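Chains, contacts and geometry: an overview
The chain contents come next:
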Amino acid sequence: MYSSPATDTLDARSEPKQGNKWGLKATISQIIIIVLLGLLVFLTLVPILFMLFSSLKSNSQIMGNFWGMPAPIKWSNYSEAFLTVWRFMLNSVGYAVAASILVMMLSAISGYIFAKKTFPGKELLFLLMLGMMMVPGVLTLIPSYVLYDSMGLTNTPWVIIIAGAAGGQIFGTFLCRSYMAGLPSELFEAARMDGSTEVGVFFKIVIPLSLPILATLFIMQSVGVYNDYIWPLLTIQDRDLQVIAVGLTSLTKQFGVVDMGMQFSAYAISSVPLLLIFSFGMKYYIQGMTQGALKM
Amino acid sequence: MRRTFRMFLMLTMILGLLPQAALAKDKWSIDGAGDITSISIAQDGSRLAIGSHGAKANVYSSDGEPIFGFDAKNVVTGVQLMKNGDLIVSSDDRHLYAFDAKGTKLWDKNMKLQIKGISASLDGLVTAVFTQRSENVVFIDPATGDPKNEANTGAIIKTIKVSPNGKWVAAASSDHYIHLMNEQGEVLRKFGASGQIMSIAVSDQGETAVGTESKRVEWFDQDGKRQHSISTRDSATHVSYTADGKYLAVSDLSGYFYLLDNKGKQLWETKINGQGRNVELDTDGRILYAGTGDGQVLKYDVGAIVSKAQKQGKVRMGLWAAASLVVIAAIWLGLRMMKKRNRLGVFLDIWKSKWVYLGLAPTFILLLTFLYFPAFSGLFHSLYKWQPGTRTTFIGLDNFRRMFHDPYVVHGIGNLLILIITGLVKTIIPPLIVAELIYHLRSKRMQYGFRTAFTASMVIPGVAMLLVWQNLYDPNLGLFNNFLELIGLGSWAHGWLGDPKTALWALIFMGFPFVGILQLLVFYAGLLSIPVELVESAKIDGAGLPRIIRSIHLPLLAGQFKFLIILALIGIVQDFNGILIVTGGGPMDSTYVPALQMYYAATKFNDLGYASALGVSMFVVIMIITIINLKFIRTEND
């Protein structure tokens, strides 16, 4: 839908354009740029730094000596926070993985079919998918809740997993379709000549060649489910099934006295799964984000 | 239908003003009666007895002619007409009275305690009363008033009812339980209602229905399993079954009277001025008597409604059959047409691609069930009053009209406009500046390093980030106020989120310095794609950096601008995550947005029709934005 002059990858950086003057003026401007960027990075990260800093303090340290270093360092905040939120985190990770695997499977199959097959009604079915992308979440939020509720799915893990899978597969199908359309059809033909079945072609050729896009999908989807707040808030009441996003907001309400250090530790702990997935798959995530943006 | 009834009602009211002209009075008043506490209809429907708070018990013929009246010494709590024409009256003056058909007192029994109610089977063989703060149902001999036996329920009884055939006695206790007994008073089942029970009804089959203070009517089957439940507009003061349990009449405290079928579907309702205190259906559900809080009794002929409802079921069946016939005929015709034109090959193609369809089936089943169905349900229900559990009634555009009178929505739209304007600035300017700065860095490693540093905040879950920001604004322990004090501006310290004047701006400021990750990456990629030669030749022509940015970068990033702007618009209109977590819309209504009001309408007020209408409105706004944008882009490409 969008035509944009941008090329595909960020790393395909062409020659620096700065030219030939390596004078003092250029060096000073470089330093100014670095200082400016450094300041902006610092400001962007202030909340995170503040969170880490405060997570090691006790309530009295925060109140009494706001700017002081955490002394003594209160590591017990972390153990206490972990005991409170591990259940929520485990739930969230479980839902995220389950939903993402479903999305990968569904998107890979329908992406392949839309990319490489011709059949009656293909355009109609594809339009049906395209149409849903136009429908914003606000329209479906409340009726969806009623639907899941009437199916008896609320307050079960399924309400998160199915909703994640149903919503994520649309974007996933688009992503897979455009990626798989780029795979050479001759390859499939050759495999078929060699006696491979359709299912064989799919699993032996299509899936291995599409692993990068599937990784992108997995990471984007699981980050999405992990960060989701409104839907679980609406549909899950059971504390044992609750997700981390909702769990974090209930920390304040659980104890009479707000243990701020512990809260900040909980926020920090809740970042660990995201930290892990980004340290392995940042590249894929950024790819998915920009590709999704540009192919829309 | 309702209109004819209103006209009928108005007509009867006019006739009521001219008593000599009215043959059958359909509304009559009892002076000094106050609340109508009980109504009893004779089995043949010819007479009815009315007990009232004003210590009166009156018997009328069905056309409203008084037959006789009796004044007790305290509130009349119950009246019961027997098959033989006798009337038994229970009263707070601790007496049970019995009268014959002409009004001669037969007996008068002192029960030593205030009698709170009476109910009897049609034949009178099972007649039960209960007294103040008692846990026992007392069965009496209707001929003498002597107690025969008692049944203990273990909790203080609020109300009782005997089924018309006398096989079932239902007693509701103050602990929200229903005790279903047989004629001997053995408790067979005990089950709970969702609120304090104000009234109970029991059918010949042992099905019960209760009206509760918590504005609900609930149906239970013989085994005490809840079958249906609906909401009324106010506390359901009285419920009354037909003998077969197929129809139920309900009155509520706001003066509404309802007629419902045993599936909880509303067949009819009416509203009077004042309170609805009592309602009674005759055994076959043809006449409904409604008692008010000010001594009036209204008579409604609902027989037509009931028989219409019965017919409707058959009509619907017929419609379905007709519709399916039409569909089959259409398919057959279509096939014939295709055969003539030799286009049947498409079915062969479809058959050949059966595996393809099978592969797409899971995707499309999910898509249709969990996305398309709710979307259409939202569109459809925005025109309805929709509260699950109650009947969904069509109200046209009322939900939409209501939005314009809802101060939260009106104020919310204002807030939303502010959020959109600031949001657009936030989404474009800081990321663009940062992208330019990074682009102009000479060292590739530095570029990569800064890009990664700006994306680092992704590792914090969105909700955690919001909560940290909420903490930064804390009046005492927040970073902002402490920082202001540190630099000597302590007098500026403020309860940023607690003050309606600053709350919205505090929300907007969240995320400072607003270097959005997606936006940054999109701009950066856009800058990288600008051909180097273009910039070089501009330089040779003597263009400075500002000129290059203005004349080359910005025009060539137009696509990115458009994309990011539309994404921001769509996102801002829908988003209420941050507001819900950080301020909840408060203080007062200072940070409401329409999407938040939608969420509250659905969760706090259970008003799903209104919530759907708000969702549909936002959908329309987003649709318009998208269409304008698509048009815009097409002209650009031409």
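Everything numeric in this text was worked out from a predicted model, so none of it was measured.

Structural notes on the overall build of chain B
Helix and strand counts for chain B stand at 17 helices and 30 strands. Counted over contacts in chain B with a minimum sequence separation of 6, partners at least 24 positions apart contribute 47%.

Thoughts on the overall build of chain A
Helices and strands together make up the secondary structure of chain A, namely 14 helices and zero strands. Scanning chain A from its N terminus toward the C terminus, one meets helices and strands in the order α-α-α-α-α-α-α-α-α-α-α-α-α-α. Counted over contacts in chain A with a minimum sequence separation of 6, partners at least 24 positions apart contribute 81%.

Brief notes about the sheet that holds strand E3 (residues 47-52) of chain B
All names here are of chain B. An order of E2-E3-E4-E5 is seen for the four strands of this open sheet, with the pairing classed as antiparallel. Taken across any chain shown, the strands that pair with only one partner, and hence form the sheet edges, are strand E2 (36-41) and strand E5 (66-71). Each strand of the sheet is rotated relative to its neighbour by a mean of 15°, with strand direction disregarded. One ladder, built from five bridges, connects strand E4 (residues 56-61) with E5; its direction is antiparallel. When the sheet's bridge partners are listed, Ala 57 is paired in E5 with Phe 70.

Some details on the nonpolar core
Ranked by internal contacts, the top residues of the largest apolar core, which has 155 residues, are Ala 99, Ala 165 and Tyr 267 of chain A. Considering each element in turn, this core owes the most residues, 16 residues, to helix H3 (residues 76-116) of chain A. Shared between two domains, this core holds at least three residues of each, these being domain 2 (312-376) and domain 3 (406-607) of chain B. Once residues lying within four places of it in the same chain are set aside, the contact partners of Ala 165 of chain A are Ala 99, Leu 102, Val 103 and Leu 106 of chain A together with Leu 366 of chain B. Among the nonpolar cores identified, the runner-up in size contains 84 residues, and Val 137, Ala 209, Leu 259 and Tyr 289 of chain B belong to it.

Topic: the sheet that holds strand E28 (residues 296-301) of chain B
The strands making up a sheet associate through backbone hydrogen bonding, with each pair oriented either parallel or antiparallel. Residue and element names in this part refer to chain B. Judged by pairing direction, the sheet is antiparallel, and its four strands sit side by side in the order E1-E28-E27-E26 without closing on themselves. Lying at the two open borders of the sheet, with one neighbouring strand each, are strand E1 (27-29) and strand E26 (276-281). On average, adjacent strands in this sheet sit at an angle of 15° to one another, irrespective of strand direction. Pairing geometry for strand E27 (residues 287-292) and E28, over five bridges, is antiparallel. The residue of E28 that forms the bridge with Gly 291 is Val 297.

Some thoughts on the confidence of the model for chain A
Predicted coordinates in areas of low pLDDT are best not read in detail. Residue and element names in this part refer to chain A. Across chain A, pLDDT averages 84, with 89% of residues at or above 70. Element-level mean pLDDT values for chain A span from 62 in helix H12 (residues 251-254) up to 93 in H3. Note that pLDDT drops below 50 for residues 1-19; the model gives that stretch 38 contacts with residues more than four away or on any other chain.

Here's the deal with the environment of Phe 68 of chain B
Residue and element names in this part refer to chain B. Looking at the element boundaries, Phe 68 is found in strand E5. Sequence-wise, Phe 68 and Ala 101 are 33 residues apart; in three dimensions their C-alpha atoms are separated by 9.0 Å. Leave out the neighbours within four places in its chain, and Phe 68 touches Val 59 and Gly 103.

Things to note about the packing of helix H7 (residues 185-193) of chain A against helix H8 (residues 198-209) of chain A
Between two packed helices, both the angle of their axes relative to each other and the distance between the axes serve to describe the pair. Residues and elements named next belong to chain A. Remark: H7 packs on H8, axes separated minimally by 10 Å, with the N-to-C direction vectors making an angle of 135°. Relative to H8, the element H7 is oriented oblique. In this structure, the crossing between H7 and H8 has a hand that is right-handed. Contacts between H7 and H8 pair Leu 187, Phe 188, Ala 191 and Arg 192 from the former with Val 201, Lys 204 and Ile 205 from the latter. Here the residues of the contact of H7 with H8 sort into five nonpolar, no polar and two charged.

Some details on the interface of chain A and chain B
Taken together, the contact between chain A and chain B spans 82 residues of the former and 89 residues of the latter. Looking at the side of chain A that touches chain B, its residues break down into 58 nonpolar, 19 polar and five charged.

Regarding the packing of helix H6 (residues 407-439) of chain B against helix H11 (residues 517-528) of chain B
Residues and elements named next belong to chain B. With their axes 8 Å apart at the nearest point, H6 and H11 run at an angle of 50° to one another. In terms of orientation, H6 lies oblique with respect to H11. Like other packed secondary-structure pairs, H6 and H11 cross with a definite hand, here right-handed. Here Thr 427, Pro 431, Leu 432, Val 434, Ala 435, Ile 438 and Tyr 439 of H6 lie close against H11, whose contacting residues are Gln 519, Leu 520, Phe 523, Tyr 524 and Leu 527.

Some remarks on the pairing of E26 of chain B
Residue and element names in this part refer to chain B. Burial within E26 is extensive, with six of its six residues counted as buried. Pairing geometry for E26 and E27, over five bridges, is antiparallel. Bridging from a neighbouring strand, Asn 278 pairs with Gly 291 of E27. Between E26 and E27, which pair antiparallel and follow one another directly, the connecting turn spans five residues, one of which, Gly 285, has a positive phi of 75°.

Points about the environment of Ser 222 of chain A
Residues and elements named next belong to chain A. Following the sequence through the fold, Ser 222 ends up in helix H9 (residues 211-227). On the neighbour-count criterion, Ser 222 (26 C-beta atoms within 10 Å) is buried. Sequence separation between Ser 222 and Tyr 95 is 127 residues; the distance between their C-alpha atoms is 8.4 Å. Beyond its immediate sequence surroundings of up to four residues, Ser 222 is in contact with Ala 96, Val 97, Ser 100 and Ile 277.

About the cut-offs
Numbering of residues starts from 1 in each chain and follows the order in which that chain's sequence is written. Going through the entries in the order they are written, you letter the chains from A and number the ligands from 1. Local features in this predicted model are restricted to residues whose pLDDT is 70 or higher, and side-chain atom pairs enter the listing and the counts only when it is 80 or higher, whereas totals over whole chains, interfaces and linings include all residues. Helix and strand definitions follow DSSP, with helices as H or I runs of at least four residues and strands as E runs of at least two, each counted in order from the N terminus. Residues are defined as contacting one another if the C-beta atoms placed from their backbone atoms lie within 7 Å. In short, DSSP must find at least two bridges between two strands for them to pair. Angles here are taken between N-to-C directions and fall from 0 to 180 degrees, while the axes themselves are lines fitted to C-alpha atoms, restricted in helices to the stretch in contact. Note on terminology: a nonpolar core is a set of buried residues of type Ala, Val, Leu, Ile, Met, Phe, Trp, Tyr or Cys, with members joined through C-beta atoms within 7 Å. Residues with at least 20 other C-beta atoms within 10 Å of their own are called buried, those with 12 or fewer are called exposed, and the rest are partly exposed. The C-beta atoms themselves are positioned from the backbone. In this document the domain limits rely on a domain assignment from an automatic tool or a database. Per-residue confidence from the prediction method is given by pLDDT, with values spanning 0 to 100. Between 65 and 115 degrees an angle is taken as roughly perpendicular, under 35 as roughly parallel, over 145 as roughly antiparallel, and anywhere else as oblique. Definitions for this section: a left-handed crossing has its near helix turned counterclockwise from the far helix by less than a right angle. A right-handed crossing has that turn clockwise. Classification used: nonpolar for Ala, Val, Leu, Ile, Met, Phe, Trp, Tyr, Cys and Pro, charged for Asp, Glu, Lys and Arg, polar for all others including Gly.

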